[in-house]
Amino acid sequence: SEKSISRLLYAGTPAITLFVIAGPVGDPVNVTKLFLLGTIGTGLLSLLIFLRKTLFTREKALFSSSIVSFILISLITNFTSPAPFNLTFYGANGRNTGFLAYFFFSIFALAGLALNRMENFKKLIYGFFFAGAVNILYCLWAWQVGDFIPWNNIYGQILGTFGNPNFIGAFLGMVIVGFTAQALQPNLKATFRIVIVGLSLVAFLEILASKAVQGLVVTFGGLAIVVFYWLRSKINSKIILAIYVVLVGLLGTIAALGALQKGPLASIIYKRSVSLRGSYWDAGIEMGRDNLLTGVGMDAYGNNYRRYRSLNAFTDMPGPETVSNAAHNVVIDIFAFGGLPLLLSYLLMIGVTFASIVRFTKRNRHFDFMFVSMASVWICYQVQSLISINQIGLAVWGWLLSGVLVAYEISDRSSTLVAKKNKDPKIQVSEIDDLKGNMSALVGMVVGALIAVPPLAADMKWLGALKSQNLDTIMSALKPSYFNPTDSARLVAAVSGLQSNNLNKEALEIARQGVNY
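Residues numbered from 1 in each chain as written. Predicted model: local features only at pLDDT ≥ 70, side-chain atom pairs only at ≥ 80, totals over all residues. Heavy atoms only, no water.

## Observations regarding the overall build of the chain
Alright, step 1. Counting its secondary structure elements, the chain contains 22 helices and 0 strands.
Alright, step 2. The C-alpha radius of gyration computed for the chain amounts to 23 Å, which stays within 12% of the reference 24 Å derived for 517 residues, consistent with globular compactness.
Alright, step 3. Structurally, the chain occupies a C-alpha span of about 75 × 65 × 50 Å along its principal axes.
Alright, step 4. Of all 517 residues assigned to the chain, the portion counted as buried reaches 52%.
Alright, step 5. Summarising the internal contacts of the chain: among those between residues at least 6 apart in sequence, 75% fall at separations of at least 24.
Alright, step 6. A total of about 23200 Å² of accessible surface is found on the chain, and carbon and sulfur atoms cover 65% of it.
Alright, step 7. Treating the 41 positive side-chain charges of the chain as one cloud and the 25 negative ones as another, the clouds have centres 8 Å apart. (Helix = DSSP H or I, 4+ residues; strand = E, 2+ residues; numbered from the N terminus. Rg over C-alpha atoms; globule rule 2.2 N^0.38 Å. Buried < 20%, exposed > 50% of the residue type's maximum accessible area, 1.4 Å probe, protein only. Contact = heavy atoms within 4.5 Å. Areas by Shrake-Rupley, 256 points an atom, 1.4 Å probe, with all protein chains shown as cover. Lys, Arg positive; Asp, Glu negative; His and termini not counted. Charge placed at Lys NZ, Arg CZ, Asp CG, Glu CD.)

In structure tokens, the structure reads:
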């Protein structure tokens, strides 16, 4: 089972990050990634059933329990929320981070927890590097030659396979950090080191081109962590390490103040979007406080923003006409979605992972490039999640690495990795057992595809109807069914389009349907 899980993880997770469809869909990023996330996630779930006992051993039970609690609580919010079930289940249009996405994020975390062998950890991090290298090369081509993906780029900057310069900036920062940890490993061939450094330099220039401040924050913060581990492996002086930590902390504080429009770096770092985030954070916190036990429902932030925004958000910034469907802070989003119970289960998962990092760090002074890569990238994701939105291609790595880091620390503690760092013992797997694992995963993936495909199918049907410019086809595309779940954004677009073409009777019919929904 671990062999099959590992195969799905190191091939499937990069595929989710890279997968976009442009042309036949209106949303080339989110519905496509949700479809692949569900397909691979259900395949993993079918394999985890065979390993269910190993996931609840004494060392792993706390992490597994936090994940199971998160799933159950988020499921309950689907039924307690006044928001439409389609919204809380599939997620808001253009986000698709409802219950389904978080359920599969949780499955990826459990799949990471199931790993035990060094070769599987290595393949996983190399899969991350592959996704990073493809994005670096693609962004370089789009930046210097022109984007060959025919999507509507409203930003005028590189998008990567995320459809947004902020997301690609953060991801490239995470890749640079992971690459740096790999480049610092001893006995690495000079050719590989040159390639890694070259890709990292290109990625940094792309971050500058994306104008994504969070990309710079992730890069410099992550590099500071990698350098800390490297220095710690080279020197025994606690004083030098303490000085380094103090200096990094001081620079980090100055940078944070600059982002808040204070201090010497304010003119360089501050962006208007920071002030907007303050308004979004306030609204999310109020949603959670007012619905402390149940929240407002998964991905239902947008339905409640106007009700909970502050007076300042209405009268000043961002203003009465501006709305948001996310708090731009994952922790606050989760608090708004499911109240205190969901927040505590999420923080427990984060806390268990962080405790594993601390335990490994205290126990090992040598520079374990695998651990440093995974830990620094995970911390970068957590930092990014405090100032941004959960995007499926990014978030899947954050959740997966949570489970992987716990598993890595447990394996190291039990000396299975300490004694066999360079070579795992060969484990013979019979062809019958391997076939069983592959068939189980395949059946799960088919089921997962059927579960996750409705938003993608609906998006394709709607875009096709718009291109047809046929009234009957457009009206048919709005009729709800399993493969065509109702969506507020499509209803609003339909009313606007019909009314602008003087089809007021049809526009009124769809408007009433939208109000009822």
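Structure shown, so let's carry the discussion forward.
## Points about helix H3 (residues 61-80)
Alright, step 1. Across its 20 residues, H3 extends 28 Å between first and last C-alpha, which sits within 8% of the 28 Å expected from 1.5 Å per residue.
Alright, step 2. The set of residues buried in H3 consists of Phe63, Ser64, Ser66, Ile67, Phe70, Ile71, Ile73, Ser74, Thr77 and Asn78.
Alright, step 3. On its buried face, H3 sits against helix H4 (85-90), helix H5 (99-113), helix H15 (330-363) and helix H17 (392-413). (Expected span 1.5 Å × (residues − 1).)

## Re the side chain of Thr17
Alright, step 1. Inspection of the secondary structure assignment puts Thr17 in helix H1 (residues 2-18).
Alright, step 2. You can call Thr17 buried: its relative accessible area is 0%.

## Details of helix H19 (residues 454-468)
Alright, step 1. Relative to the 21 Å expected for 15 residues at 1.5 Å per residue, H19 spans 21 Å between its end C-alpha atoms, a close match to the ideal helical length.
Alright, step 2. All of the buried residues along H19 are Pro454, Pro455, Leu456, Ala458, Asp459, Trp462, Leu463 and Ala465.
Alright, step 3. At the exit of H19 stands Gln469, carrying a positive phi of roughly 55°.

## Focus: the packing of helix H6 (residues 118-144) against helix H7 (residues 165-183)
Alright, step 1. One can describe the packing of H6 onto H7 by two numbers: an axis separation of 10 Å at closest approach and a directional angle of 125°. Relative to H7, the element H6 is oriented oblique. Read as a crossing pair, H6 and H7 show a hand that is left-handed. Facing H6, whose interface residues are Tyr126, Phe128, Phe129, Ala131, Gly132, Asn135, Ile136 and Cys139, H7 presents Ile168, Phe171, Leu172, Met174, Val175, Gly178, Phe179 and Gln182.
Alright, step 2. Across the contact of H6 with H7, the residue classes break down as 12 nonpolar, 4 polar and no charged. (Axes fitted to C-alpha atoms, helices over the stretch in contact; angles between N-to-C directions. Parallel < 35°, antiparallel > 145°, perpendicular 65-115°, else oblique. Left-handed = near helix turned anticlockwise from the far one by under 90°. Nonpolar A, V, L, I, M, F, W, Y, C, P; charged D, E, K, R; others polar.)

## Examining the environment of Val358
Alright, step 1. Checked against the element boundaries, Val358 lands in helix H15.
Alright, step 2. C-alpha separation for the pair Val358 and Tyr280, spaced 78 residues apart in sequence, amounts to 32 Å.

## Considering the layout of surface pockets
Alright, step 1. In this model, the second largest pocket occupies a volume close to 820 Å³.
Alright, step 2. The wall of the second largest pocket is formed by 34 residues, among which Asn93, Asn303, Asp487, Ser488 and Ala489 lie closest to the centre.
Alright, step 3. Going through the elements one at a time, H4, helix H13 (301-308), H19, helix H21 (488-500) and helix H22 (504-516) are the ones with two or more residues in the lining of the second largest pocket.
Alright, step 4. The element best represented in the lining of the second largest pocket is H21, accounting for 6 residues. (1 Å grid on protein atoms, 1.4 Å probe; cavity = no way out; pocket = protein on both sides within 12 Å on 5 of 7 lines; lining within 4 Å. Points joined across faces, edges and corners; volume = space filled by probe spheres on them.)

## Observations regarding the pattern of salt bridges
Opposite charge on two side chains makes pairing possible when the charged atoms of those side chains draw close.
Alright, step 1. This model, assessed by the stated rule, comprises 8 salt bridges.
Alright, step 2. Between Arg58 and Glu59 there is a salt bridge, with its nearest N and O atoms 3.8 Å apart.
Alright, step 3. On the basis of relative accessibility, which here comes to 72%, the residue Arg58 falls in the exposed class.
Alright, step 4. Under the relative-accessibility criterion, Glu59 is labelled partly exposed at 35%.
Alright, step 5. Between Glu409 and Arg359 there is a salt bridge, with its nearest N and O atoms 3.6 Å apart. Linking Glu409 in helix H17 with Arg359 in helix H15, this pair joins segments that are 50 residues apart in sequence.
Alright, step 6. Judged by relative accessible area, which is 37%, Arg359 ranks as partly exposed. (Salt bridge = Lys/Arg side-chain N within 4 Å of Asp/Glu carboxyl O.)

## Remarks on the nonpolar core
Alright, step 1. With 123 residues, the main nonpolar core has Ile5, Leu37 and Trp399 as its most contacted residues.
Alright, step 2. It is H17 that contributes the most residues to this core, 14 residues altogether.
Alright, step 3. Aside from chain neighbours lying at most four places away, what touches Trp399 is Ile67, Phe70, Tyr102, Phe105, Ser106, Ala109, Tyr346, Met349, Tyr381 and Asn390.
Alright, step 4. One finds Trp462, Ile474, Leu498 and Ala507 within the second-largest nonpolar core, a separate group that totals 12 residues. (Core = buried A, V, L, I, M, F, W, Y, C linked by side-chain atoms within 4.5 Å.)

## What about the packing of H7 against helix H16 (residues 369-385)?
Any two packed helices are characterised by the angle at which their axes cross and by the distance between the axes.
Alright, step 1. Two elements in contact, H7 and H16, have axes separated by 8 Å at closest approach and are oriented at 160°. Comparing their axes, H16 and H7 come out roughly antiparallel. Here the hand of the crossing between H7 and H16 comes out right-handed. Two secondary-structure elements touch here, H7 through Phe167, Ala170, Met174, Val177, Gly178, Ala181 and Gln182 and H16 through Phe369, Met370, Val372, Ser373, Ser376, Val377, Cys380, Tyr381 and Gln384.
Alright, step 2. By residue class, the composition of the contact of H7 with H16 is 11 nonpolar, 5 polar and no charged.

## Re the packing of aromatic side chains
Alright, step 1. Considering all chains together, one arrives at 30 aromatic pairs under this definition.
Alright, step 2. The rings of Phe79, Phe85, Phe89, Tyr90, Phe99, Phe103 and Phe104 are connected pair by pair, giving a single aromatic cluster.
Alright, step 3. One residue, Lys33, lies across the ring of Phe162, its end atom 5.7 Å from the ring centre. (Phe/Tyr/Trp six-rings, centres within 6.5 Å; stacked < 30°, edge-to-face > 60°. Lys NZ or Arg CZ within 6 Å of the ring centre and 35° of its normal.)

It is worth stressing that arrangement in space is one thing and function is another; only the former is reported here.
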